[in-house]
Amino acid sequence: MSPNPIAETVAALMPRAKDELAELVAFPSVADFDHFPRAASEDAAGWVADALRAEGFEDVALLDTPDGTQSVYGHLPGPAGAPTVLLYAHYDVQPPLDESAWTTPPFELTERDGRWYGRGAADCKGGVIMHLLALRALKANGGVPVGVKFIAEGSEEQGTGGLERYARANPGLLAADAVVIGDTGNFRVGLPTVTATLRGMTMLRITVDTLEGNLHSGQFGGAAPDALAALIRVLDSLRAEDGSTTVDGLDAEAVWEGLEYPEADFRADAKVLDGVDLIGHGSVADRIWARPAVTVIGIDAVPVAGATPSVPASARAQVSLRVPPGQDAGKATELLRAHLEAHVPWNARVAIEQVGQGEAFRADVTSPAYTSMAEAMRVAYSGEEMQVSGEGGSIPLTNALAQLYPEAEILLIGLSEPEAQIHAPNESVSPDELERLSVAEAHFLVNYARSREV
Ligand code: BES
Ligand code: MN
């Protein structure tokens, strides 16, 4: 890294950042309180609030959002006339899933081969630390040149939209001239990247019932309507032969314009097994950034262990649909619902319930803040040029902020590059990326403040 005071300060702060990330990762703050303790999320929220107070933030508050979780807010006033920048991250995490698949315990930050492992290390507790590092570097080098609002969401991963609803009900609260969403990732390690688009998503649960109870599969099988077979048929109708998504009436042929994702890189990042084909058609970028994608994320059916020769009477699935930028998540939900209802065979009874929804997002990457970020990334990454990529994942608040504050310039950066393996066992963060992105964010705030001086 080129020697400059901000970079030197951040480098010196890294041991502390590691200790802090370890403290934050130690809270199992999964915002699913049927399965994880609410106290863990409350403690994580308290940790963030204390950190903000220690940095001199005012009005630090735990916001009780309508989904029963808490988001942490704080305001650091800037110099007179300076613009306000909103910094976003989330402190909730995905569940660890199969704990035995973790090499080291999910809630103990552990260094291995130059990366720090732990649930939320990249997504998105590392994002909280990145913002803190950037602010501390500025305070040690002449002060923070902008007003800062900080918001750490408490249930981003659940898709329950608590903060989104809170923000709409309190429309002044998060108002800012620019927003840095610290919850995406570089296209790959070492390649500084802003994310231009996010997909939205919708989730439905479908239950199929055919019989009052399971039946002997010899005595009745062949004529008795099988609920699992009906569910399999309706779920399979969501795909064409090549595996691409086919929801009746939903456009799935859009083309991505911008940075391409070479197929070989994608295969390696996704760890696709040798000899297994990718699904869909068009470029990889078309498929993951510009088009819808349906995934059956859970099925309740009779388990193999203890299986008896019976015709299943009912079966249930959870279906997620990623919705590309330019398509409305509400409309996509209705199309998916209608498709599922229409494709259930044999007049089987079907019930559909919605469990989450978030809109897609497309940034205006020609807005002036992007010039400030490009310059900042060039400095932090020793001359490496900023890349502009798409992202197939979702951050529902982003679209709400764009609607509430149409003038705000929104930038997405973060620590979730492909090697981070977010949402999977053995999630990790690259400390080099944490360091360099913190330096980039600090420089961005300086450049942005300067660009707004009259
Ligand atoms: N940080 C992710 C979004 C993301 C994914 C960024 C991949 C970069 C690479 C975010 O926390 C996330 O996972 N969001 C959920 C939201 C959903 C539940 C509405 C998602 O996309 O599944
Ligand atoms: Mn996530």
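This structure is a prediction, so every number in the text was calculated from the model and none was measured.

Q: Sorry, what's going on with the overall build of the protein here?
A: Along its length, the protein carries eleven helices and 18 strands. Projected onto the principal axes, the alpha-carbon positions of the protein cover approximately 80 × 45 × 45 Å. Going through the 454 residues of the protein one by one, you find that 53% of them count as buried. Partitioning the intrachain contacts of the protein with sequence separation of at least 6 by distance along the chain shows that 80% fall at a separation of at least 24.

Q: Got a minute to help me understand the environment of Gly 185 in this structure?
A: Relative to the helices and strands, Gly 185 is located in the loop between β7 (178-181) and β8 (193-198). Exposure remark for Gly 185: the relative accessible area of 11% places this residue in the buried category. Here the alpha-carbon distance between Gly 185 and Ala 363, two residues 178 residues apart in the chain, equals 15 Å. Once residues within four sequence positions are removed from consideration, Gly 185 is found in contact with Thr 193, Thr 195, Ile 413, Gly 414, Leu 415, Ser 416 and Glu 417.

Q: I'm lost on the pattern of salt bridges in this one. Help?
A: Where charged atoms of side chains with opposite charge meet at close range, the side chains can pair. Per the stated rule, a full pass over the model turns up 18 salt bridges. Notably, a salt bridge pairs Glu 55 with Lys 139, separated by 3.0 Å at the nearest N-O pair. With Glu 55 in the loop between α2 (38-54) and β1 (58-64) and Lys 139 in helix α3 (residues 125-139), the pair connects residues that are 84 residues apart, well separated along the chain. On the accessibility criterion, Lys 139 (38% relative accessible area) is partly exposed. A salt bridge links Arg 436 to Glu 433, with the shortest nitrogen-to-oxygen separation between them at 3.8 Å. Here Arg 436 and its partner Glu 433 are both found in helix α11 (residues 431-451), three residues apart, which amounts to about one turn of the helix. Through salt bridges with shared partners, a single network forms among Arg 16, Glu 20, Glu 55, Arg 136 and Lys 139.

Q: What is the right way to read the coordination of the manganese ion (ligand 2) from this model?
A: Reference values for coordination geometry: four tetrahedral donors around a metal ideally subtend 109.5 degrees, six octahedral donors ideally subtend 90 or 180 degrees. In this structure, Asp 123 (OD), Glu 157 (OE), Glu 157 (OE) and His 423 (NE2) serve as the protein donors to the manganese ion (ligand 2), at separations of 2.1 to 2.7 Å. Here the manganese ion (ligand 2) is ringed by six donor atoms whose angles at the metal span 52 to 154°, and the overall shape comes out irregular. Motif for the manganese ion (ligand 2), donor spacing along one chain: D-x33-E-x265-H. Of this pair, Asp 123 sits in the loop between β5 (115-117) and α3 while His 423 sits in the loop between β17 (409-412) and β18 (428-429), placing them 300 residues apart in sequence. Asp 123 sits in the buried class, given a relative accessible area of 4%.

Q: Whenever I open this one, the packing of α2 against α3 confuses me. Can you help?
A: Relative orientation and spacing of two packed helices are given, respectively, by the angle between their axes and the distance between those axes. Running from N to C, α2 and α3 cross one another at 10°; their axes reach a closest spacing of 11 Å. For the element pair α2 / α3, the angle class is roughly parallel. Of the residues in α3, those touching α2 at Trp 47, Val 48, Ala 51, Leu 52 and Ala 54 are Val 128, Ile 129, Leu 132 and Lys 139. When grouped by side-chain class, the residues that make up the contact of α2 with α3 number eight nonpolar, no polar and one charged.

Q: What is the right way to read the sheet that holds β8 from this model?
A: Strand order in the open sheet formed by three strands is β15-β8-β16, with mixed pairing between adjacent strands. The sheet is open, and its two edges are formed by β15 (361-362) and β16 (387-390), each paired on a single side. Taken together, the four bridges between β8 and β16 define a ladder with parallel strand orientation. Looking at β16, one finds that Thr 195 is bridged to Ser 389.

Q: Quick question: what am I supposed to make of unusual backbone geometry here?
A: With an omega of 5°, the peptide bond between Asp 123 and Cys 124 qualifies as cis. In this fold, Cys 124 is placed in the loop between β5 and α3. At Asn 347, a position not held by glycine, the phi torsion is positive, near 55°. Note that Asn 347 resides in the loop between α8 (329-343) and β14 (349-358). The phi angle at Asn 426 is positive, at roughly 65°, despite the residue not being glycine.

Q: I keep staring at the pairing of strand β6 (residues 147-153) and nothing clicks. Help me out?
A: For a regular strand, side-chain orientation follows a simple rule: the groups alternate between the two sheet faces. Here β6 lies mainly inside the structure; seven of its seven residues are buried. Alternating positions in β6 separate into two faces, Gly 147, Lys 149, Ile 151 and Glu 153 on one and Val 148, Phe 150 and Ala 152 on the other, with burial throughout. One ladder, built from five bridges, connects strand β2 (residues 70-76) with β6; its direction is antiparallel. The partner of His 75 across the bridge, within β6, is Lys 149. Both strand β3 (residues 84-90) and β6 contribute to a ladder of seven bridges, which runs parallel. The residue of β6 that forms the bridge with Ala 89 is Ala 152.

Rules and cut-offs
Residues numbered from 1 in each chain as written. Chains lettered and ligands numbered in written order. Predicted model: local features only at pLDDT ≥ 70, side-chain atom pairs only at ≥ 80, totals over all residues. Heavy atoms only, no water. Helix = DSSP H or I, 4+ residues; strand = E, 2+ residues; numbered from the N terminus. Buried < 20%, exposed > 50% of the residue type's maximum accessible area, 1.4 Å probe, protein only. Contact = heavy atoms within 4.5 Å. Salt bridge = Lys/Arg side-chain N within 4 Å of Asp/Glu carboxyl O. Donors = N, O, S within 2.8 Å, 3.2 Å for Na, K, Ca; no water. Tetrahedral: all angles 85-135°; square planar, octahedral: opposite > 155°, others 65-115°. Axes fitted to C-alpha atoms, helices over the stretch in contact; angles between N-to-C directions. Parallel < 35°, antiparallel > 145°, perpendicular 65-115°, else oblique. Nonpolar A, V, L, I, M, F, W, Y, C, P; charged D, E, K, R; others polar. Pairing = 2+ DSSP bridges.

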